[in-house]
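Coordinate analysis (summary)
Listed here are the chains, written in short residue letters.
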Amino acid sequence: FGVFNIVVGTFVTACTETSKSDRQLLVKSKLQSVHAYTAKIKGFFAEADTDGSGTLSWEEFLKHLRNPDVMAYFHSLDLDVSNAHRLFRLLDVNNNNEVGFDEFLDG
């Protein structure tokens, strides 16, 4: 029985270590996904901010959404660009008719 207990203990330890490793890999993968998504959002914002003000006006936002590549990207996310004005108003939390990067990212 002593040998059996040692084998079971070793097995349990190995399973526990594997579980920890799987969690760490999952967390690392999720963080990489968040960073990639944030980079895409920053890219979208930078491309749309044509005047370099650090904010998007409704005109800049609409013009960028009319870009065929952007439209295709939005469609791939199942987002309807025809509701762009509603989306802009939702993002503009301080109602100044401009969307800053933080508002954009939080939205």
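In this report, we go over the structure that sits alongside the text.

Conventions used here
- Residues numbered from 1 in each chain as written.
- Predicted model: local features only at pLDDT ≥ 70, side-chain atom pairs only at ≥ 80, totals over all residues.
- Heavy atoms only, no water.
- Helix = DSSP H or I, 4+ residues; strand = E, 2+ residues; numbered from the N terminus.
- Buried < 20%, exposed > 50% of the residue type's maximum accessible area, 1.4 Å probe, protein only.
- Areas by Shrake-Rupley, 256 points an atom, 1.4 Å probe, with all protein chains shown as cover.
- Phe/Tyr/Trp six-rings, centres within 6.5 Å; stacked < 30°, edge-to-face > 60°.
- Core = buried A, V, L, I, M, F, W, Y, C linked by side-chain atoms within 4.5 Å.
- Contact = heavy atoms within 4.5 Å.
- Polar contact = N/O pair within 3.5 Å; in protein donor to acceptor, adjacent residues only side chain to side chain.
- 1 Å grid on protein atoms, 1.4 Å probe; cavity = no way out; pocket = protein on both sides within 12 Å on 5 of 7 lines; lining within 4 Å.
- Points joined across faces, edges and corners; volume = space filled by probe spheres on them.
- Nonpolar A, V, L, I, M, F, W, Y, C, P; charged D, E, K, R; others polar.
- Arc of directions from axis to C-beta.

**Section: the overall build of the protein chain**
Along its length, the protein chain carries five helices and two strands. For the protein chain, the succession of helices and strands along the chain, N to C, is α-β-α-α-α-β-α. The proportion of buried residues among the 107 residues of the protein chain is 21%. In the structure as shown, the protein chain presents an accessible area of about 8,000 Å², 60% of it carried by carbon and sulfur atoms.

**Quick notes on the packing of aromatic side chains**
In this structure the tally under the stated criterion is eight aromatic pairs. Ring pairing ties together the aromatic residues Phe44, Phe45, Trp58, Phe61, Phe88, Phe101 and Phe104, which thus form one cluster.

**Regarding the environment of Tyr37**
Note on placement: Tyr37 falls in helix 1 (residues 2-48). Sequence spacing of Tyr37 and Leu105 is 68 residues, and the spatial spacing of their C-alpha atoms is 10.0 Å.

**Remarks on unusual backbone geometry**
One non-glycine residue, Asn95, lies in the positive phi region at around 55°. Within the secondary structure, Asn95 sits in the loop between helix 4 (84-91) and strand 2 (98-100). Overall, the relative accessible area of 63% leaves Asn95 in the exposed class.

**Thoughts on the nonpolar core**
The biggest cluster of nonpolar side chains holds 15 residues, and the ones touching the most others in it are Phe44, Leu56, Phe61, Leu65, Phe74 and Phe104. Elements with a contribution of two residues or more to this core: helix 1, helix 2 (58-65), helix 3 (68-76) and helix 4. Residues contacting Phe74, with those up to four places away along its chain left out, are Phe44, Leu65, Leu79, Val81 and Leu87.

**Points about helix 3**
Structurally, the start of helix 3 carries an N-cap: the backbone nitrogen of Asp69 is 2.7 Å from a side-chain oxygen of Asn67. Of the residues flanking the end of helix 3, it is Asp78, one or two places downstream, whose phi is positive at about 60°.

**Looking at the layout of surface pockets**
One number sums up the size of the largest pocket: a volume of about 550 Å³. If you go around the largest pocket, you meet 24 residues; those closest to its centre are Ile41, Tyr73, Phe74, Leu77 and Leu79. Contributing elements (two or more residues each) for the lining of the largest pocket: helix 1, helix 2, helix 3, helix 4 and helix 5 (101-106). Of the residues forming the lining of the largest pocket, the biggest block, six residues, is contributed by helix 1. Its residues assigned to classes, the lining of the largest pocket shows 16 nonpolar, four polar and four charged.

**What to know about helix 4**
Turning to helix 4, its buried residues are Ala84, Phe88 and Leu91. Relative to the axis of helix 4, the buried residues are bounded by an arc of 65° and lie together on one face. Opposite the buried face of helix 4, at more than 90 degrees from it, the exposed residues are Arg86, Arg89 and Leu90. Of the surrounding secondary structure, the elements contacted by the buried residues of helix 4 are strand 1 (55-57), helix 2, strand 2 and helix 5.

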